[in-house]
Amino acid sequence: MKGISRYCPMCNAAMKLVVEDGPRTCPRCQIELNINKYQEHDIDTCAKCEGMWIAPEVFRAVTTEFDVYNDDNSNPDYQKPSLPGSESYMPCACCNQLMVKKQFKRISGVMIDLCIHCGVWLDKDELMNIRNFIASGGLDSAQDHEFERFSSDTTQALDQIDNRLSDLEYMDKVMNIYSPRYWFHRFTR
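**Side note on the packing of aromatic side chains**
Now for step 1: One pass over the full model with this rule turns up three aromatic pairs.
Now for step 2: Look at Phe-59 and Phe-104: their rings are 6.0 Å apart centre to centre, the planes differ by 85°, and that puts the pair in the edge-to-face class. Taken together, the residues span a long stretch of sequence, with Phe-59 in helix H1 (residues 56-62) and Phe-104 in the loop between strand E4 (100-103) and strand E5 (111-115) at a distance of 45 residues. Here Phe-59 and Phe-104 have matching classes, each one buried.
Now for step 3: Ring geometry for Tyr-78 versus Phe-133: centroids 5.8 Å apart, planes at 75°, classification edge-to-face. Of this pair, Tyr-78 sits in the loop between helix H2 (65-69) and E4 while Phe-133 sits in helix H3 (residues 126-135), placing them 55 residues apart in sequence. Taken individually, Tyr-78 and Phe-133 each receive the classification buried, so the pair is uniform in this respect.
Now for step 4: A connected cluster of aromatic rings, assembled from ring pairs, spans Phe-59, Tyr-78, Phe-104 and Phe-133.
Now for step 5: The ring of Phe-104 is capped by Lys-105, whose NZ or CZ atom sits 5.9 Å from the centre of that ring.

**With respect to the sheet that holds strand E2 (residues 41-45)**
Now for step 1: Taken together, six strands build an open sheet; the order of strands is E1-E2-E3-E6-E5-E4 and the sheet is antiparallel. What marks the edges here is a single partner per strand, and that holds for strand E1 (34-38) and E4. Across this sheet, the average inter-strand angle for adjacent strands is 35°, counted without regard to direction.
Now for step 2: With four bridges connecting them, E4 and E5 associate as antiparallel partners. Bridge assignment links Lys-101 to a residue of E5, and that residue is Asp-113.
Now for step 3: Packed onto the sheet, H3 meets E1, strand E3 (52-54), E5 and strand E6 (119-122) and runs at close to 105° relative to E6.

**Comments concerning the nonpolar core**
Now for step 1: One finds Ile-54, Phe-59, Ile-112, Leu-122, Ile-130 and Ile-134 to be the most contacted residues of the largest nonpolar core, which totals 19 residues.
Now for step 2: Of all the elements in the fold, those that place two or more residues in this core are E3, H1, E6 and H3.
Now for step 3: In terms of residues, this core owes the most to one element, H3, which gives five residues.
Now for step 4: Setting aside chain neighbours within four positions, we find Ile-54 in contact with Ile-43, Phe-59, Gly-119, Val-120, Leu-122 and Leu-127.

**Section: the side chain of Asn-132**
Now for step 1: Structurally, Asn-132 can be placed in helix H3.
Now for step 2: With relative accessibility at 9%, the residue Asn-132 sits in the buried group.
Now for step 3: Aside from chain neighbours lying at most four places away, what touches Asn-132 is Asn-73, Ser-74, Asn-75 and Tyr-78.

**Thoughts on unusual backbone geometry**
Now for step 1: Positioned with a positive phi, Gln-30 is a non-glycine residue whose angle comes to about 60°.
Now for step 2: Mapped onto the elements, Gln-30 comes out in the segment before E1.
Now for step 3: Overall, Gln-30 belongs to the exposed group, its relative accessible area being 51%.
Now for step 4: One non-glycine residue, Gln-39, adopts positive backbone phi at about 50°.
Now for step 5: Relative to the assigned elements, Gln-39 resides in the loop between E1 and E2.

Reading guide: rules and limits
- The written sequence of each chain sets the order in which its residues are numbered from 1.
- With the structure being a predicted model, the display of local features is reserved for residues of pLDDT at least 70 and the display and counting of side-chain atom pairs for 80 or more, all residues being used for whole-chain, interface and lining totals.
- With hydrogens and water set aside, each side-chain value is computed from the structure's full complement of heavy atoms.
- Each pair of aromatic rings taken from Phe, Tyr and Trp, with Trp reduced to its six-membered ring, is defined by centres within 6.5 Å and is described as stacked if the planes are under 30 degrees apart, edge-to-face if over 60, and tilted in the remaining cases.
- Helix and strand assignments come from DSSP, with helices taken as H or I runs of at least 4 residues and strands as E runs of at least 2, each series counted from the N terminus.
- Only protein chains enter the accessibility calculation, which uses a 1.4 Å probe. A residue is then buried if its area is under 20% of the maximum for its type, exposed if over 50%, and partly exposed in between.
- Sitting over a ring, as applied to charges here, requires NZ of Lys or CZ of Arg to be within 6 Å of the ring centre and within 35 degrees of the ring normal.
- Only strands joined by at least two bridges in the DSSP assignment are considered to pair.
- Here the axes come from fitting lines to C-alpha atoms, over the contacting stretch only for helices, and the angles between their N-to-C directions go from 0 to 180 degrees.
- The contact criterion used throughout is that any non-hydrogen atoms of two residues lie within 4.5 Å.
- Among the buried residues, those of types Ala, Val, Leu, Ile, Met, Phe, Trp, Tyr and Cys that are joined through side-chain atoms within 4.5 Å form a nonpolar core.

Dropping the structure here:
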């Protein structure tokens, strides 16, 4: 099995990567992160910029609808902020590889920095914005948006295939208009 595989090809179980459990550094400030509790989870936070380093399983746990709806601090009147300007990519707090910038659920307006193996870096107030997005029904909207995008992509692909088939049928007729074999097979079907 390849070392970069995230899921087992046989049973589709998630592969656990061994992440060093040493001190992590803030990708913005380059200072050591402090461990704080957030809803019974250990989250590394920066004392200077107030950013958060969150492990993937903890991020999934704190961004579930069940967890958000049970929290009285979530605001269901979420207003999508404008996307920030382009920023440079930051190194991962664990493995020092460059992280990927990704908008949470494609429509939330919250840009997160993601290391595919180690976790998620959230700047100040981004976790609260994500939780407010979820509380306002954002996951349903994101699912609807994905469905619309998928259906329009599928419709466009089918239209392209239909056009290609029409073109092929036309070319077949033009190329074989004088072929006796073409006419024989056409009328003997």
